Amino acid sequence: LSWQPLPTNHYVDGYISREEHNGYLYGYGNDALYRSADGGQSWEFSADGMRLARVHQLEFVSKDTFFALTRNGLWRTDNNGQQWTKITDTHKTSY
């Protein structure tokens with residue numbers, strides 16, 4: 001077993017998903033969610049609707065539907081991360 005560093009740019013500080021989902025790798029940076037279709041070579045914004053919501057965890061439910069837990073609440077997407085809707089607020093808690 002060996003580790004290979006993934007390339008990043010100034011947007012992505014860390015990775016949320018270690019595996020690709022529908023061909024995307026997900027990462028966070030600048031209090032936003034980003035995704036990469038080329039293994040981390042380039043990144044695109046994937047957090048329409050949930051700006052300034054740093055993602056702590058992603059839970060994939062189906063091909064297009066998944067949830068994001070942020071410090072600001074629980075969010076849902078039904079179109080593979082293109083648009084997000086807030087489901088509930090998150091109160092101070094530990095992750």
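None of the values given here were measured: they were computed from a predicted structure.

A. Layout of the sheet that holds strand β6 (residues 66-70). Read from one edge of the open sheet, 4 strands run β5-β6-β7-β8, paired in antiparallel fashion. The open sheet has two free edges, formed respectively by β5 (55-60) and β8 (85-88), since each of these has just one partner strand. Put simply, the sheet's adjacent strands are angled 30° from each other on average, direction ignored. Pairing analysis gives 3 bridges linking strand β7 (residues 73-77) to β8, with the strands arranged antiparallel. When the sheet's bridge partners are listed, Arg 76 is paired in β8 with Thr 85.

B. Layout of the confidence of the model for the protein. Per-chain confidence: the protein averages 78 in pLDDT, with 77% of residues scoring 70 or above. Strand β1 (residues 14-15) is the least confidently modelled element of the protein, averaging 68 in pLDDT, while β7 averages 92, the highest of any element.

C. Broad picture of the pattern of salt bridges. With the rule as written, the count across this model stands at 2 salt bridges. Residues Glu 44 and Arg 35 are paired through a salt bridge, measuring 2.7 Å at the closest nitrogen-oxygen approach. Overall, the relative accessible area of 36% leaves Glu 44 in the partly exposed class.

D. Representation of the environment of Ser 46 in the model. Relative to the helices and strands, Ser 46 resides in the loop between β4 (44-45) and β5. Judged by its relative accessible area of 2%, Ser 46 is buried. Along the sequence, Ser 46 and Ala 32 sit 14 residues apart, while their C-alpha atoms lie 7.8 Å from each other. Apart from residues no more than four positions distant in its own chain, Ser 46 is found in contact with Tyr 26, Leu 33, Tyr 34, Arg 35, Gly 81 and Trp 84.

E. Just the nonpolar core, in detail. By size, the foremost hydrophobic cluster in this structure holds 14 residues, and its most contacted members are Leu 33, Met 50, Leu 58 and Trp 84. Put simply, the parts of the chain that give this core at least two residues each are β2 (25-29), β5 and β6. For Leu 58, the residues in contact, after removing those within four places along its chain, are Ile 16, Tyr 26, Leu 33, Phe 66, Phe 67, Ala 68 and Trp 84. Counting 5 residues, the second largest nonpolar core, distinct from the first, contains Val 12, Leu 25, Tyr 34 and Trp 43.

What counts and what doesn't
- Residues numbered from 1 in each chain as written.
- Predicted model: local features only at pLDDT ≥ 70, side-chain atom pairs only at ≥ 80, totals over all residues.
- Heavy atoms only, no water.
- Pairing = 2+ DSSP bridges.
- Helix = DSSP H or I, 4+ residues; strand = E, 2+ residues; numbered from the N terminus.
- Axes fitted to C-alpha atoms, helices over the stretch in contact; angles between N-to-C directions.
- pLDDT = per-residue confidence, 0-100.
- Salt bridge = Lys/Arg side-chain N within 4 Å of Asp/Glu carboxyl O.
- Buried < 20%, exposed > 50% of the residue type's maximum accessible area, 1.4 Å probe, protein only.
- Contact = heavy atoms within 4.5 Å.
- Core = buried A, V, L, I, M, F, W, Y, C linked by side-chain atoms within 4.5 Å.

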